[in-house]
Amino acid sequence: MQNWSDLVWPANDFSRVPYPVFYDREIFNREQERVFRGPLWCYVALKAEIPNPGDYKATFIGDTPVVVTRAPDGSINAWVNRCAHRGTMVVRTQFGNVKDFTCVYHHWCYDHKGNLIGVPFLRGLKGKGGMPKDFKMAEHKLRRLAVDTYSEAIFASFEANPESLVEYLGAPMRKTLDRLFKRPIEVLGYMRQLIPGNWKLYFENLMDAYHGGLLHQFQTTFAIARNTQVGGSILDKYGRHRTCFTMAGSDTDDDAKAGYAGDSAFNEQLTLADPSVTKFVDEDGSGEGLTMMAIFPSVFFQRLNNTLATRQIKPKTPNSFELYWTYFGYRDDTPAIREMRMRQVNLVGPGGLVSMEDGEVGRLVQLGIDGADRDHSLIAMGGVGPITHQDTVNTEVPIRGFWRYYCHLMGYVPQGGSAWPPPPPDRIAAE
Ligand code: FES
Ligand SMILES: [Fe+2]
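The paragraphs below set out a description of the structure included in this document.

Conventions adopted
- Residues numbered from 1 in each chain as written.
- Chains lettered and ligands numbered in written order.
- Predicted model: local features only at pLDDT ≥ 70, side-chain atom pairs only at ≥ 80, totals over all residues.
- Heavy atoms only, no water.
- Helix = DSSP H or I, 4+ residues; strand = E, 2+ residues; numbered from the N terminus.
- Rg over C-alpha atoms; globule rule 2.2 N^0.38 Å.
- Buried < 20%, exposed > 50% of the residue type's maximum accessible area, 1.4 Å probe, protein only.
- Contact = heavy atoms within 4.5 Å.
- Areas by Shrake-Rupley, 256 points an atom, 1.4 Å probe, with all protein chains shown as cover.
- Lys, Arg positive; Asp, Glu negative; His and termini not counted.
- Charge placed at Lys NZ, Arg CZ, Asp CG, Glu CD.
- Donors = N, O, S within 2.8 Å, 3.2 Å for Na, K, Ca; no water.
- Pairing = 2+ DSSP bridges.
- Axes fitted to C-alpha atoms, helices over the stretch in contact; angles between N-to-C directions.
- Phe/Tyr/Trp six-rings, centres within 6.5 Å; stacked < 30°, edge-to-face > 60°.
- Lys NZ or Arg CZ within 6 Å of the ring centre and 35° of its normal.
- 1 Å grid on protein atoms, 1.4 Å probe; cavity = no way out; pocket = protein on both sides within 12 Å on 5 of 7 lines; lining within 4 Å.
- Points joined across faces, edges and corners; volume = space filled by probe spheres on them.
- Nonpolar A, V, L, I, M, F, W, Y, C, P; charged D, E, K, R; others polar.

A few words on the overall build of the protein. Helix and strand counts for the protein stand at eleven helices and 19 strands. Relative to its length of 431 residues, the protein is compact, with a C-alpha radius of gyration of 23 Å against a globular reference of 22 Å. Dimensions of the protein, computed from the C-alpha atoms along their principal axes, are close to 85 × 55 × 40 Å. Buried positions account for 53% of the 431 residues belonging to the protein. Long-range contacts, defined as pairs at least 24 residues apart, comprise 65% of the intrachain contacts of the protein with a sequence gap of at least 6. Accessible surface, the protein: about 18,200 Å² in total, of which carbon and sulfur atoms supply 52%. Considering the protein, the positive charge centre built from 47 side chains and the negative charge centre built from 49 side chains are found 10 Å apart.

This is the structure:
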């Protein structure tokens, strides 16, 4: 492809995704500008990661390095991790607590809000050297980002005046965040993995309830979540985010046996010597064994049984991304619940009994589609009609919502005409 605009988007129901979006460098670069540095909010941290004045966390938005700080006045700030002098990455460790930030190269010094507060040899020495007389430190700050928080989650935006975070998330996502963070949390640990696939393959995977009870044999066989259970998805008003659930214990092994009809995802031959990893305590009273929420474009908040985690996507190249896992628990966990949570971390993560396969299919899809310039995927499970709430997990409809918003941001007008702005899913569901 010569140009991002050479790509033809095949259908305005978003049931077909042209494969070059998963490997083309120019499209990747445009995503950085139009999506990640675009008019939206990107998740950057949990408040519990920077609880004290002076704390910082080095993170990213898209492929741009970003730092989130808790200033001495208690405010939360975010700025691009790029020295205003010659571009050096100012912060080189992932977490810390500091008085100020000094760039290693020429020791320019910044405060927690990104203001330049010190330049060695600013006026030179003995009348020689130094910066020009009209140089003003106030004009050379680190690039500050807009910051807002909802519940425990911190978001940042390159846009000076994005829509409010409350609006951006929408009521159903806020409700899920309220539920996941209804008690004070503490971070239990981190994992990170490099997946040799395009970042959007993973976001599709996060929006895809259909694959869960098929790709993940462990999850299906041991009834953690499966496609014969009661479940569904709720979308925000643009269908760009989605929260999905399955109800624990809403099917029996006999239901699964009949529903899967011999499919290998439900494997009666498998047994566990220690089934404790599959236990579930309904802590929030929802009855949901699985609560999975994808917030466009790069974060996922989850509870699977009693594991609580965020997954943050860092695109690296057109065909690779890193996935950052942050596990958390509630500060007032009983020792028994905490032990259970830690044990269940074995379910999710790079080598998780459930989520390991998600990384592997990212690789396999990439291998399958690299260079395929005249072909596209098919997203039709659940129908190709309105993009609205779903009362089953055997559906791909929310994935089409992701692509619709993506096309809107990227400037792709699909064949058949613009599909923006969309009718809100609530209205469609009510009709
Ligand atoms: S590049 Fe940071 S002080 Fe020179
Ligand atoms: Fe999965």
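The discussion continues.
Bringing the coordination of the iron ion (ligand 2) into the picture now. Coordination sphere of the iron ion (ligand 2), protein contribution only: His 211 (NE2), His 216 (NE2), Asp 358 (OD) and Asp 358 (OD), at 2.1 to 2.5 Å. Considered as a linear motif, the donors of the iron ion (ligand 2) on their single chain read H-x4-H-x141-D. Placement of the pair is His 216 in the loop between α5 (212-215) and α6 (217-221) and Asp 358 in helix α9 (residues 356-369), with a sequence separation of 142 residues. Taken individually, His 216 and Asp 358 each receive the classification buried, so the pair is uniform in this respect.

Taken in spatial order, the three strands of this open sheet run β2-β11-β10, and their pairing is antiparallel. Across the chains shown, the open sheet's two edge strands, defined by having one partner strand only, are β2 (42-46) and β10 (146-150). Direction aside, the axes of adjacent strands within the sheet are offset by 30° on average. As judged from the five bridges shared by β10 and strand β11 (residues 153-157), these two strands associate in the antiparallel manner. Its bridge partner lying in β11, Tyr 150 is registered against Ala 153.

Scanning the entire structure with this criterion turns up 29 aromatic pairs. Ring centres of Tyr 202 and Phe 321 lie 5.5 Å apart, and the angle between their planes is 50°; this geometry places the pair in the tilted category. Of this pair, Tyr 202 sits in helix α4 (residues 199-206) while Phe 321 sits in strand β18 (residues 320-330); the two residues are 119 residues apart in sequence, bridging distant segments of the chain. Across this residue pair, the class does not change: Tyr 202 and Phe 321 are buried. Residues Phe 296 and Tyr 405 carry aromatic rings whose centres are separated by 4.8 Å and whose planes lie at 75° to one another, so their mutual orientation is edge-to-face. Here Phe 296, found in the loop between β15 (288-295) and β16 (299-304), pairs with Tyr 405, found in helix α10 (residues 397-410); they are 109 residues apart in sequence, far enough to count as distant. For the pair shown, Phe 296 and Tyr 405 are each scored as buried. A cation over an aromatic ring shows up here: Arg 30 above the ring of Trp 4, its NZ or CZ 3.4 Å from the ring centre. A cation over an aromatic ring shows up here: Arg 240 above the ring of Tyr 405, its NZ or CZ 5.0 Å from the ring centre.

Bringing empty space enclosed by the protein into the picture now. Following the criterion strictly, the structure yields four cavities of 30 Å³ or more and no others. What the largest cavity holds in volume is close to 260 Å³. Those elements giving two or more residues to the lining of the largest cavity turn out to be α4, α5, β14 (242-247), β15 and β16. Per-class residue counts for the lining of the largest cavity are eleven nonpolar, nine polar and five charged. Approximately 60 Å³ is the volume attributed to the second largest cavity. Looking at the second largest cavity, the residues that line it are Glu 49, Lys 57, Ala 58, Thr 59, Phe 60, Gln 94, Tyr 190, Gln 312, Tyr 324 and Thr 326. Put simply, the parts of the chain that give the lining of the second largest cavity at least two residues each are β3 (55-61) and β18. Top element by residues in the lining of the second largest cavity is β3. It accounts for four residues. Residue composition of the lining of the second largest cavity, grouped by class: four nonpolar, four polar and two charged.

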